[in-house]
Amino acid sequence: IPSVIVSFFLPGWVLLRLLKIDCIQRTNVGLFVLSFCISIGLTSLVYIFALPFKTTSTAAIVLSVIYVIISLLPLFKDNLYKRHKSHRFYSSNHKSEYNLFDILLLAWLTLFFIFVISNLYPQMAYVPGNDIIRHFSYAKELILAPHIFFSEYPWFHISWATVNELSAPPIPLFQSGVAYLSAMLIFSFYIMAKEYLSDIDARAPVLATVFFVVFSGFGWIYFMQHVL
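(A) Up close: the nonpolar core. Core analysis: the largest hydrophobic core is formed by 46 residues, its most contacted members being Phe8, Phe36, Tyr47 and Trp160. Top element by residues in this core is helix α4 (residues 28-50). It accounts for 7 residues.

The structure is reproduced here in structure tokens:
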């Protein structure tokens, strides 16, 4: 779990802190999603920097040191710009953009998604031919033989490789954990819907998200077959 947090959230969150976007961004959900999206690219760059050290079997140590340095950057920044006026202004006057109805529905959607994934994994991790098997193979290829690695989605597989370098989890546990990260799509869609539909009706964004999550991929059929 810490390796997933460090790889998929830490670099993006640090960049948002350094650029002070966390001070002017109005929604915590937006910061959460932005941290995830940005971290995929930054983690890939970090891993590429550590590639020359793979021949000496110190890639994991180098990666760990880099992430520790990254995590300390906000502290250095805060010391340099201590008590900045704009920071205090933006951080103290935010109003909540979410009502209880939105929060409860988003929580239900997240639990619904977790339920479906929990019933599919880790068994799906042993089925040959699945996309997740192929992606895992690419990540392992990057770790074991980076000179022959080729992928249409290099940043995606590099992020997976980073998690494996930092923690080396069992295959079923790793694939199950990565599958849960797909829940980020729920929050991303909600933010997009809120931007486009809030002026039409305050209830539209969360209702659009409900239809998207429940009926996308026909997860509701699986739910009815195995539970109801």
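(B) How the structure looks around the pattern of salt bridges. If you walk through the whole model with that rule in mind, you get 1 salt bridge. Residues Arg203 and Asp201 are paired through a salt bridge, measuring 3.0 Å at the closest nitrogen-oxygen approach. Judged by its relative accessible area of 52%, Arg203 falls in the exposed class. Asp201 sits in the partly exposed class, given a relative accessible area of 27%.

(C) A look at the packing of aromatic side chains. Taken as a whole, this structure holds 9 aromatic pairs when the rule is applied. Judged by centre distance (5.6 Å) and plane angle (55 degrees), the ring pair of Phe136 and Phe174 falls under tilted. Within this pair, whereas Phe136 is found in helix α8 (residues 131-144), its partner Phe174 is found in helix α10 (residues 171-180), the two being separated by 38 residues in sequence. Its relative accessible area of 8% is what places Phe136 among the buried residues. Phe174 sits in the buried class, given a relative accessible area of 3%. Arranged with centres 5.2 Å apart and planes meeting at 50 degrees, the rings of Phe156 and Trp160 form a pair that is tilted. One end of the pair, Phe156, and the other, Trp160, are both in helix α9 (residues 154-167), 4 residues apart, so they sit about a helical turn from each other. Phe156 sits in the partly exposed class, given a relative accessible area of 33%. Here a set of aromatic residues connected by ring pairs shows up, and it is made of Phe8, Phe9, Phe32, Phe36 and Phe187.

Procedures and definitions
- Here, residues in each chain are numbered from 1, in the same order as that chain's written sequence.
- pLDDT decides what is reported in this predicted model: residues at 70 or higher carry local features, side-chain atom pairs at 80 or more are listed and counted, and totals for whole chains, interfaces and linings draw on all residues regardless.
- Side-chain descriptors were evaluated using all non-hydrogen atoms of the structure, hydrogens and water having been removed beforehand.
- The criterion is simple. A nonpolar core is a set of buried Ala, Val, Leu, Ile, Met, Phe, Trp, Tyr and Cys residues joined through side-chain atoms within 4.5 Å.
- Any residue under 20% of the maximum accessible area for its type is buried, any over 50% is exposed, and the rest in between are partly exposed; the area is computed with a 1.4 Å probe on protein chains only.
- Helix numbers and strand numbers start at the N terminus; a helix is a DSSP run of H or I with at least 4 residues, a strand a run of E with at least 2.
- In the sections that follow, a salt bridge refers to a side-chain nitrogen of Lys or Arg positioned within 4 Å of a carboxyl oxygen of Asp or Glu.
- Ring geometry is summarised as follows: Phe, Tyr and Trp rings, the Trp one being its six-membered ring, pair when their centres sit within 6.5 Å, and such pairs are stacked at plane angles under 30 degrees, edge-to-face over 60 and tilted between the two.

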